[in-house]
Amino acid sequence: DAGVTQSPTHLIKTRGQQVTLRCSPKSGHDTVSWYQQALGQGPQFIFQYYEEEERQRGNFPDRFSGHQFPNYSSELNVNALLLGDSALYLCASSKTGRNSPLHFGNGTRLTVT
Amino acid sequence: DAKTTQPTSMDCAEGRAANLPCNHSTISGNEYVYWYRQIHSQGPQYIIHGLKNNETNEMASLIITEDRKSSTLILPHATLRDTAVYYCIVRPANAGGTSYGKLTFGQGTILTVHP
C-alpha cells in the first residue's frame, strides 16, 4: 500500500519563475493538504483540497495556488518565486471522516536562487 | 486553535522508556491531541491521537490527564531510530464532513536516544 508520494524530490528555480509540485495521496484518501517547512521550523499550513475545491487556506499569498484532480491527486503552484519560498513542501492526505489522521509524504525540497 | 507547549529537547537511553510531555491548557472539548514525529529529511509521521481516554498502538502510548490540559507520549523501549523531533498538536474535530486539514505545528521536542 503506497503512502503519499510527491514529485519531484528536489527542484532548483530562479527568482520570478513559476513551479508546480505534485502529490498522490495514500490509497483510500480523498483530501489533500499542503504545507511549507522552512529550515529549522515546523510545517506551516498552506491549504486543503477536498472534492476538487479549496476548503481551507492558511496565511499565504495568492501566488500560492492549487488544484485537485478527480483521482484525488493534487498540484501546488507557486508563481513569481521569491528567495523566501525556498523550503520543503509537504503534502498530506486523509480520508473523509471523523478525525482521520493526516499522512505526510517526504516532501519536495525547493531551492530558489 | 489551542496552543501547545513542549520542552525544547530531551535525552533518553536506548532501551528505556521515553516520556515526552505536552501542555495544552487552552484545549476545548472537541479538540483532539495528536502526536507526530519528524526524522531528518523526511515528512512528519503520524504516531497516535486521543480525545480524553488513554490510547495505545504499536508505536506508542498516549496518556491524557483528566482535565485534558496536558498529555504524555510514551515510547516504551526507545531505539536509536526514535531520534527525531516530536510534535504535539491540538486539532479540532472534523468540520463540515471533511477532515480538518490544518495542523498547527510548534517547535516540537528534539528527542535524542543515546546508545
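Everything discussed here concerns the structure shown above.
Draft legend 1. Looking closely at the nonpolar core. Residues B:Trp35, B:Leu73, B:Tyr86 and B:Leu111 are the most contacted members of the largest nonpolar core, which totals 21 residues. Among the elements of the structure, strand 2 (18-23), strand 3 (31-38), strand 4 (45-50), strand 6 (61-64), strand 7 (70-75), strand 8 (84-92) and strand 9 (109-114) of chain B are those that each provide at least two residues to this core. Beyond its immediate sequence surroundings of up to four residues, B:Tyr86 is in contact with B:Gln6, B:Leu20, B:Trp35, B:Tyr36, B:Arg37, B:Ile47, B:Leu73, B:Leu75, B:Gly108, B:Thr109 and B:Leu111. A:Val4, A:Cys23, A:Phe60 and A:Leu76 belong to the second-largest nonpolar core, a separate cluster that totals 19 residues.

Draft legend 2. View of the sheet that holds strand 2 of chain B. All names here are of chain B. Pairing is antiparallel in the open sheet, where four strands are placed in the order 2-7-6-5. Each edge of the open sheet is held by one strand with a lone partner, namely strand 2 and strand 5 (55-56). Here strand 5 pairs with strand 6 via two bridges, running antiparallel. Looking at strand 6, one finds that Thr56 is bridged to Ser61.

Draft legend 3. Local environment of the pattern of salt bridges. Evaluation of the coordinates by the stated rule reveals five salt bridges over all chains. One salt bridge connects A:Glu51 with A:Arg55, and the closest N-O pair in it is separated by 3.2 Å. The class for A:Glu51 is exposed, based on a relative accessible area of 51%. For B:Asp82, the salt bridge is made with B:Arg37, and the minimal N-O distance between the two is 2.7 Å. Of the two residues, B:Asp82 is situated in the loop between strand 7 and strand 8 and B:Arg37 in strand 3; the sequence distance between them amounts to 45 residues. Summarising the burial analysis for this pair, B:Asp82 and B:Arg37 share the class buried.

Draft legend 4. Structural detail: the state of the cysteines. Residues and elements named next belong to chain A. Under the criterion given, the structure shown has two disulfides over all chains. Paired through a disulfide, Cys23 and Cys91 show a sulfur-sulfur distance of 1.8 Å. Torsion about the S-S bond of the Cys23 and Cys91 cystine: about -65°, corresponding to left-handed handedness. With Cys23 in strand 3 (residues 19-24) and Cys91 in strand 9 (residues 87-94), this residue pair connects regions lying 68 residues apart in the sequence. Here Cys23 matches Cys91 in class, with each residue buried.

Draft legend 5. Spotlight on the pairing of strand 8 (residues 74-78) of chain A. Residue and element names in this part refer to chain A. Of all five residues making up strand 8, five are buried, and the element is well covered by its neighbours. Covered by surrounding structure in strand 8 are Ser74, Leu76 and Val78 together with Glu75 and Asn77, the residues of both alternating faces. Two strands pair when backbone bridges link them, and strand 3 and strand 8 are joined in this way by five bridges, in the antiparallel orientation. By the bridge assignment, Thr20 is partnered in strand 8 with Asn77. When strand 7 (residues 64-68) meets strand 8, the two strands line up antiparallel, connected through five bridges. Paired with His67 across the bridge in strand 8 is Glu75. Between strand 7 and strand 8, which follow one another and run antiparallel, lie five residues, and Tyr72 among them has a positive phi close to 80°.

About the criteria used
- Residues numbered from 1 in each chain as written.
- Chains lettered and ligands numbered in written order.
- Predicted model: local features only at pLDDT ≥ 70, side-chain atom pairs only at ≥ 80, totals over all residues.
- Heavy atoms only, no water.
- Core = buried A, V, L, I, M, F, W, Y, C linked by side-chain atoms within 4.5 Å.
- Buried < 20%, exposed > 50% of the residue type's maximum accessible area, 1.4 Å probe, protein only.
- Helix = DSSP H or I, 4+ residues; strand = E, 2+ residues; numbered from the N terminus.
- Contact = heavy atoms within 4.5 Å.
- Pairing = 2+ DSSP bridges.
- Salt bridge = Lys/Arg side-chain N within 4 Å of Asp/Glu carboxyl O.
- Disulfide = S-S within 2.5 Å.

By themselves, these figures tell us nothing about what the structure is for.
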